[in-house]
Protein chains: 2
Amino acid sequence: MKGQVTETPDDGLTTRQRRNRPLVIVHTGDGKGKSTAAFGLALRGWNQGWPIGVFQFVKSAKWRIGEQSALEALADVHDTTGKGGPIEWHKMGSGWSWSRKTGSEEDHQAAAAEGWAEIKRRLAQQTHTLYVLDEFTYPINWGWIDVDDVVATLTERPGHQHVIITGRRCDPKIIEIADLVTEMTKIVHPFDHGQKGQRGIEW
Amino acid sequence: MKGQVTETPDDGLTTRQRRNRPLVIVHTGDGKGKSTAAFGLALRGWNQGWPIGVFQFVKSAKWRIGEQSALEALADVHDTTGKGGPIEWHKMGSGWSWSRKTGSEEDHQAAAAEGWAEIKRRLAQQTHTLYVLDEFTYPINWGWIDVDDVVATLTERPGHQHVIITGRRCDPKIIEIADLVTEMTKIVHPFDHGQKGQRGIEW
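Residues numbered from 1 in each chain as written. Chains lettered and ligands numbered in written order. Predicted model: local features only at pLDDT ≥ 70, side-chain atom pairs only at ≥ 80, totals over all residues. Heavy atoms only, no water.

### A short note on the overall build of chain A
Here is step 1: A tally of helices and strands in chain A yields 7 helices and 6 strands.
Here is step 2: In sequence order, chain A lays out its α and β elements as α-β-α-β-α-β-α-β-α-α-β-α-β.
Here is step 3: Here chain A holds 203 residues, and the buried ones make up 57% of them.
Here is step 4: Sequence separation of 24 or more characterises 75% of the internal contacts of chain A that already satisfy a separation of 6 or more.
Here is step 5: Counting every atom, chain A has about 9,000 Å² of accessible surface; 49% of that belongs to carbon and sulfur. (Helix = DSSP H or I, 4+ residues; strand = E, 2+ residues; numbered from the N terminus. Buried < 20%, exposed > 50% of the residue type's maximum accessible area, 1.4 Å probe, protein only. Contact = heavy atoms within 4.5 Å. Areas by Shrake-Rupley, 256 points an atom, 1.4 Å probe, with all protein chains shown as cover.)

Right, here's the structure in full:
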């Protein structure tokens, strides 16, 4: 019946298949916690031994330093003890597969497109089990990356690969194909009262 | 002028004092990511070398295993290399300061009250720089912990201690004294389509 919650969907999948279905997860909205929650999910994936790839689409000197350092420490734990999974962290302008040019908007656009091309290659090769595409909504919204290509790539990705996309104003075409979308909404924020960003909280 | 954003508040604090003001942070709402974002913030605190205390108020066999394992691995990194900060993880029914009784609702209530009493001692002693009070809204909403005591304790806590509270339906008295409140709202959730919780995503 329409509107009724179907507890066991008629999708031809077993409970186990549904349980293990790879997910597209979106964290959007104007509030805090979109990326932070994505990195929190990476902790769970690490503990499962998953190969994790973080792709940071908005270049910043300091915003992700804390998460990057902590996840790189967990990657070291994996490399030295075998505990957890391997983690790679790539950011625009500094990774091996990313443009190092930082001058103009055209350079940023090229770097974003190059980053997305690399992610497509990795999805095709099933390199990671969890992809964090941090602040990926922005280059899409700026027209630097084709949203239809993103939708087709995610929809057709092989195997069992989870993808988390963070950023404000996620394109409705991506929301449409996502399995889980959470909106983070600001209720009270210290910046409203003149509070400045601070070490350990904002980065 | 009322309603106007005041960029520099008339609170007698210097920019540096405001920048370093200890925060009460609340992650509430019915969506995912409340606790996950709190543990993501813990990564930033760890990287700053902060002593971190996680206090898990809803007992669960598996929900926090991933985060707990990863944060304990980071605690080991600190203990063996000095990198990052120390992390303690306490959960209801298993930590040294928590009741091990698990039978009745009265036992759970006593364990929650005992946990809060321990947190109060630590706040008074300034044991940690960051406290994650995970799912703390529930024992408050169930009347097991007095919200006025929580408000008074947080308001009067000494030194420079950040406190993150997670859970649905946060009491308005806590929202009132919080510096940063984010509401996580579900837009699309795989459980809506019969998707079951899965390893690495839900725990």
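Right, picking up where we left off after that structure.
### Let's talk about the environment of B:V147
All names here are of chain B.
Here is step 1: Tracing the backbone shows V147 in helix α6 (residues 147-155).
Here is step 2: V147 sits 10 residues away from T137 along the chain, and the two C-alpha atoms are 9.3 Å apart.
Here is step 3: If we ignore the near neighbours within four places in the chain, the residues touching V147 are I140, D171, K173 and I174.

### Regarding the pattern of salt bridges
Here is step 1: In the structure shown here, the tally under the stated rule is 18 salt bridges over all chains.
Here is step 2: Linking A:R44 and B:E67 is a salt bridge whose minimum nitrogen-to-oxygen distance equals 2.7 Å. Here A:R44 is found in helix α2 (residues 34-47), whereas its partner B:E67 is found in helix α3 (residues 65-81) on a different chain. No difference in accessibility class separates A:R44 from B:E67, as the two residues are buried. (Salt bridge = Lys/Arg side-chain N within 4 Å of Asp/Glu carboxyl O.)

### What to know about the packing of α2(A) against α3(B)
Here is step 1: Contact geometry for α2(A) and α3(B): axes closest at 7 Å, N-to-C directions at 85°. On the basis of their axis angle, the class for α2(A) and α3(B) is roughly perpendicular. Every residue of α3(B) that contacts α2(A) at A:G40, A:L43, A:R44, A:W46 and A:N47 is listed here: B:I65, B:G66, B:E67, B:S69, B:A70, B:L71 and B:A73. (Axes fitted to C-alpha atoms, helices over the stretch in contact; angles between N-to-C directions. Parallel < 35°, antiparallel > 145°, perpendicular 65-115°, else oblique.)

### Things to note about unusual backbone geometry
Here is step 1: Phi is positive for A:Q126, which is not a glycine, with a value near 55°.
Here is step 2: Among the secondary structure elements, A:Q126 is positioned in the loop between α4 (105-125) and β4 (130-134).
Here is step 3: A residue is classified by how much of its surface remains accessible, and A:Q126, at 42% relative accessible area, is partly exposed.
Here is step 4: Unusually for a residue other than glycine, B:R169 sits at a positive phi of about 50°.
Here is step 5: Position of B:R169 relative to the elements: it lies in the loop between β5 (162-166) and α7 (172-177).

### Some words on the pairing of strand β3 (residues 87-91) of chain A
All names here are of chain A.
Here is step 1: Counted residue by residue, β3 has 4 buried out of 5 residues, so it is predominantly covered.
Here is step 2: The pairing of strand β2 (residues 52-56) with β3 spans 5 bridges and is classified as parallel. By the bridge assignment, I52 is partnered in β3 with I87. (Pairing = 2+ DSSP bridges.)

### Topic: the packing of helix α4 (residues 105-125) of chain B against α6(B)
All names here are of chain B.
Here is step 1: As a packed pair, α4 and α6 sit with axes 11 Å apart at the nearest point and diverge in direction by 15°. Relative to α6, the element α4 lies roughly parallel. Every pair of crossing elements has a handedness; the one defined by α4 and α6 is left-handed. For the pair α4 and α6, the contacting residues are W116, K120 and L123 in the first and D149, V150, T153 and L154 in the second.
Here is step 2: For the contact of α4 with α6, the class distribution of residues is 4 nonpolar, 1 polar and 2 charged. (Left-handed = near helix turned anticlockwise from the far one by under 90°. Nonpolar A, V, L, I, M, F, W, Y, C, P; charged D, E, K, R; others polar.)

### Some points on the sheet that holds strand β2 (residues 52-56) of chain B
Here is step 1: If you walk across this open sheet you meet the 12 strands as β3(A)-β2(A)-β4(A)-β5(A)-β1(A)-β6(A)-β6(B)-β1(B)-β5(B)-β4(B)-β2(B)-β3(B), and the pairing is mixed. Each edge of the open sheet carries a strand with a single partner, namely β3 of chain A together with β3 (87-91) of chain B. Recorded for the sheet is a direction-independent mean angle of 15° between the axes of neighbouring strands.
Here is step 2: The pairing of strand β1 (residues 24-28) of chain A with strand β5 (residues 162-166) of chain A spans 4 bridges and is parallel.

### Considering the nonpolar core
Here is step 1: In terms of nonpolar packing, the biggest core is built from 48 residues, with A:L71, A:L74, B:L71 and B:L74 touching the most fellow members.
Here is step 2: Not counting chain neighbours up to four residues away, the residues in contact with A:L71 comprise A:F39, A:A42, A:L43, A:V54, A:I87, A:W89 and B:L43. (Core = buried A, V, L, I, M, F, W, Y, C linked by side-chain atoms within 4.5 Å.)

### Considering helix α2 (residues 34-47) of chain B
Residue and element names in this part refer to chain B.
Here is step 1: With 14 residues, α2 extends 21 Å between its outermost C-alpha atoms, agreeing within 8% with the 20 Å of an ideal straight helix rising 1.5 Å per residue.
Here is step 2: Summarising burial for α2: 13 of the 14 residues are buried, a large majority.
Here is step 3: In the segment just after α2, G49 is the residue with positive phi, at about 80°. (Expected span 1.5 Å × (residues − 1).)

### Quick look at the side chain of A:R44
Here is step 1: The class of A:R44 is buried, set by a relative accessible area of 5%.
Here is step 2: Polar contacts involving the side chain of A:R44 include one to the side chain of B:E67, which spans 2.7 Å. (Polar contact = N/O pair within 3.5 Å; in protein donor to acceptor, adjacent residues only side chain to side chain.)

### Things to note about α6(B)
Residue and element names in this part refer to chain B.
Here is step 1: Turning to α6, its buried residues number three or more, namely V147, V150, V151, T153 and L154. Buried positions in α6, seen along its axis, are confined to an arc of 165° and lie on one side of it.
Here is step 2: At its buried positions, α6 is contacted by β1 (24-28), α4, α5 (137-141), β5 and α7. (Arc of directions from axis to C-beta.)

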